[in-house]
Amino acid sequence: MTVIEINNLKKSYHPGKLAVNDVSLSIAKGESLGLVGESGCGKSTLARCLLGVEKVDGGSIIYNERSLANASRKALRDYRRNVQTVFQNPTAALNPKLKIKDSLLDPFLQFQDELQLEHFHFSSKQAFVEQLLETVELPKELGDRYPHELSGGQKQRVTIARAISIEPKLIVLDEPTASLDVLSQGAILELLASLQETLGMSYLFISHDLAAVHQLCQRIAVMKDGEILDVFQRDNIYDNSRHDYTKELISIF
Amino acid sequence: MSVIALSPKKIKKTKIWLISALLVLLLAVVAYTFLYLKHDATMTDVGNRLASPSWEHPMGTDHLGRDVLTRLLLGFRLTVGYSLIALAAAVIIGVPFGLLAGLRGGWLDRVFMRIADGFLAFPDTVIAIVLSGLLGPGIGNLLFAIVLVKWVNYARMVRSTVLTEVQKDYITIARINGLSTFTIMRRHLLPHIIGNVLVLASLDFGKIILLISSLSYIGLGAQPPTPEWGAMLNESRPYFQANPEMMVYPGLAIVVVVLVANVLGDYLRDKFDVKKEVQP
Amino acid sequence: MILSIKDLTVSHGEKTIVDHVSLTIDKGEWFALVGQSGSGKTMLSQAIGQLLGPNLRASGSVNYQESNILACSKTEMNQLRGKAISYIFQDYHGSFTPFLTIQQHMDEYLQTHGVKEKQKRNSMAKEALESVGLDAGFVKRYPFQLSGGQLQRASIALALLLEPDILVADEATTALDSVSAHRILSLLQELQQKTGCAILFITHDWRHVVRYSDKIAVMKDGKIIEVGTKQKLIHQPEHAYTKQLIQAAPTLPLRVREVSKS
């Protein structure tokens, strides 16, 4: 079953130059798709289009058999409830003036009335926050702290907890490990893998790190200059039919 | 702008105590003026004019025989009250305007920025004098002029805070989650703004007291026989050589209150300006 | 042996940041210093060139050509920097003055070290840019007109201009994506073979270490916990922390034929 389908997506910031050029991809339920490319290849723009932060210039994003472009308010709300995100820089992604527990509750409070949680259980705010923190392997006292009291890796766990709190169908991970140190990077990748196992959601994992993508994702797409050059199953990474650019990437790692 | 030159740590401790003590004292004064006043502040007694201090009149009487202490105490209530009203009005108008200009942008923002530039081209005092000169003397007109001058500062500050914060990822994420503009303002932006507004307001508080007093002194604000401090100073001018204390008391009162306001401002700034975003 | 560090300690007030570190770097060697942020690796590298901030104190010795660098005067140090030791940093934007062209940056370096003829300076600058794979025409450009990868190349050209004996690369590729990082590092490797300079390569990315270095030191909490050749550290790491670092770095699985070979 397909969670989301991107058809011939186009986006340009400067006339005549497409940041995302005719990209088509689909993500199945419970699948994690990796999107690899250098900085400036358009992978983050693609993510922003998916998240509805940028308007698309052409093509469509299909969710629940309907295009987002002409979705009703209700359908759009349903889409937002099911597509969450984790960004590269956890410090920027948390409001420095809010306690961790308040940041964590943001999506839940927004969609409270429409949610039917299967894994988590809401009895009180306190208990819910503790449950979330526990799921991302953080001590539950952290709920009462402010972001600047946490390390980078801890903050990224918090943003992950916030993203999974409403049990979305898809999480867009935009370079979630790029600003962390090595040991935290490895730990975050492991956490993401185990969360996917328990919660069964899909990932779109965007990164310039082919090895990290390979570790987490079943399928990998390679992007360059706004275009998708190559899409393959993880196990076929060393196939001879790989695109030359993919081979170049592989040679690096 | 620290008033007392001590080590930072000591200043902090001293400040908290000083502020608490002064605030309690000032509140006590206000309470006293409401609950119990021996004399009527405007009742003249020409037979007893310019009297020396006595048990009956601890600070003596003025040129019309009115009790100076009573006038000073009532003046405190008036001066502080007027300042608070002007301040509250400036904040209430300025903050929402700044939020809207920052979040909406577009023509609203452009129009606002032109207005703000216009106001910034002249010093506050000059605009206030011109405005209350045009509108005519009277405390109401003066307050109106002050609000008109001050709201721009709040709107500008809030706008610039909003402009820096909305670019950050956490606002983007709030938008992705479909939070309404109002919820984003209330939940995510207000906590950034409150601290700054409080600090600016406490510093402005002293300035407004000075502005009211000085404009009343030159006859544009509160009119006699209102026991406003600036007006009292004005009234006591002709008697300065014979009875200098008539001028010293309201002058001292202004100095003390403005000083307290500034110390309070400093304290609030320390309290809210701790750089919380420092990376560990 | 080109550089030998003995009992180097860097402290900030009561706090010890680098704790009695001893290391030797051989001529033409790629020496990797690995550690997490806060391990003290950057402080160690800055102490070598007397680049520490005013609140930091360094003791011990850093010996270069039988003289202790830490005891050098300011003038002696100016002669050493650039010619003996030069640096490239993570923040390549910060390495350039925004209102000077690349040529002007190079001029400054060359003049300090006594290249008087303008003609010679110009040709040296062009040559240096070409050696890092940049167009010679870039000398006229300002830093903001270059991309991140290009700027880091230019900073390498600048650092190698006077053919130093040791190049300290402090997280030089951390701000770049892995593809550009790889290109920069293979360039460095190529230049190292050409010029024979030693590289003190400071990084937190184990994968870069594995690929390029000859010798590896692992640093944690201000101390060197393990030093050895690359082969030794990869295949028989002794310290638990080293093992952790190796494990945390995601790597692609070896190809089937490579597995059968080893």
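Residues numbered from 1 in each chain as written. Chains lettered and ligands numbered in written order. Predicted model: local features only at pLDDT ≥ 70, side-chain atom pairs only at ≥ 80, totals over all residues. Heavy atoms only, no water.

- Going by what an unreviewed UniProt entry lists, chain B is known as Peptide/nickel transport system permease protein and is assigned to Terribacillus halophilus.
- Its UniProt record gives chain B a comment under Subcellular location (unreviewed entry), which states: "Cell membrane".
- According to the UniProt record, the Sequence similarities (unreviewed entry) comment for chain B reads "Belongs to the binding-protein-dependent transport system permease family. OppBC subfamily." (UniProt positions renumbered as here; feature names shortened; annotations may be inferred.)

- The name recorded for chain A in an unreviewed UniProt entry is Peptide/nickel transport system ATP-binding protein, from Terribacillus halophilus.
- The annotation that UniProt attaches to chain A under Sequence similarities (unreviewed entry) is "Belongs to the ABC transporter superfamily."

### Looking at the interface of chain A and chain C
Here is step 1: In this assembly, 24 residues from chain A lie in contact with 21 residues from chain C.
Here is step 2: The junction of chain A with chain C conceals about 2,100 Å² of combined surface from both sides, 61% of it contributed by carbon and sulfur atoms.
Here is step 3: When the buried area of chain A at its contact with chain C is split by residue, Val182, Leu183 and Tyr238 of chain A rank highest and sum to 32% of it.
Here is step 4: At the boundary of chain A with chain C, the tally comes to 3 salt bridges.
Here is step 5: Salt-bridge contacts for arginine 207 of chain C lead to aspartate 209 of chain A; the nearest nitrogen and oxygen are separated by 2.5 Å.
Here is step 6: Where chain A packs against chain C, one counts 8 residue pairs in polar contact (both at pLDDT 80 or more).
Here is step 7: By residue number, the principal contributor to the side of chain A that touches chain C is helix α9 (residues 244–252) of chain A, which donates 6 residues.
Here is step 8: The class makeup of the residues in the side of chain A that touches chain C is 14 nonpolar, 6 polar and 4 charged. (Contact = heavy atoms within 4.5 Å. Buried area = accessible area lost by both parts, 1.4 Å probe. Salt bridge = Lys/Arg side-chain N within 4 Å of Asp/Glu carboxyl O. Polar contact = N/O pair within 3.5 Å; in protein donor to acceptor, adjacent residues only side chain to side chain. Helix = DSSP H or I, 4+ residues; strand = E, 2+ residues; numbered from the N terminus. Nonpolar A, V, L, I, M, F, W, Y, C, P; charged D, E, K, R; others polar.)

### With respect to the UniProt feature "transmembrane region" (unreviewed entry) in chain B
Here is step 1: Under the UniProt annotation, "transmembrane region" (unreviewed entry) lies at residues 16–37, 80–105, 125–149, 193–220 and 247–268 of chain B.
Here is step 2: When the span residues 247–268 of chain B is considered, its composition is 100% helix and 0% strand, and the gap between its end C-alpha atoms is 32 Å.

### Some thoughts on the sheet that holds strand β4 (residues 56–64) of chain C
Residue and element names in this part refer to chain C.
Here is step 1: The antiparallel open sheet is built from 4 strands, whose spatial order is β2-β1-β4-β5. Sheet topology places β2 (15–25) and β5 (67–68) at the edges, where each strand pairs with a single neighbour.
Here is step 2: Relative to β2, strand β1 (residues 3–12) runs antiparallel, the two being bridged by 7 bridges. Its bridge partner lying in β2, valine 10 is registered against valine 18.
Here is step 3: The sheet strands contacting helix α1 (residues 41–48) are β1, β2 and β4, and the helix crosses β1 at an angle near 115°. (Pairing = 2+ DSSP bridges. Axes fitted to C-alpha atoms, helices over the stretch in contact; angles between N-to-C directions.)

### So, the UniProt feature "domain: ABC transmembrane type-1" (unreviewed entry) in chain B
Here is step 1: Taking the UniProt record as the reference, the feature "domain: ABC transmembrane type-1" (unreviewed entry) is found at residues 76–265 of chain B.
Here is step 2: The annotated region residues 76–265 of chain B carries 83% helix and 0% strand content, and the separation between its end C-alpha atoms amounts to 19 Å.

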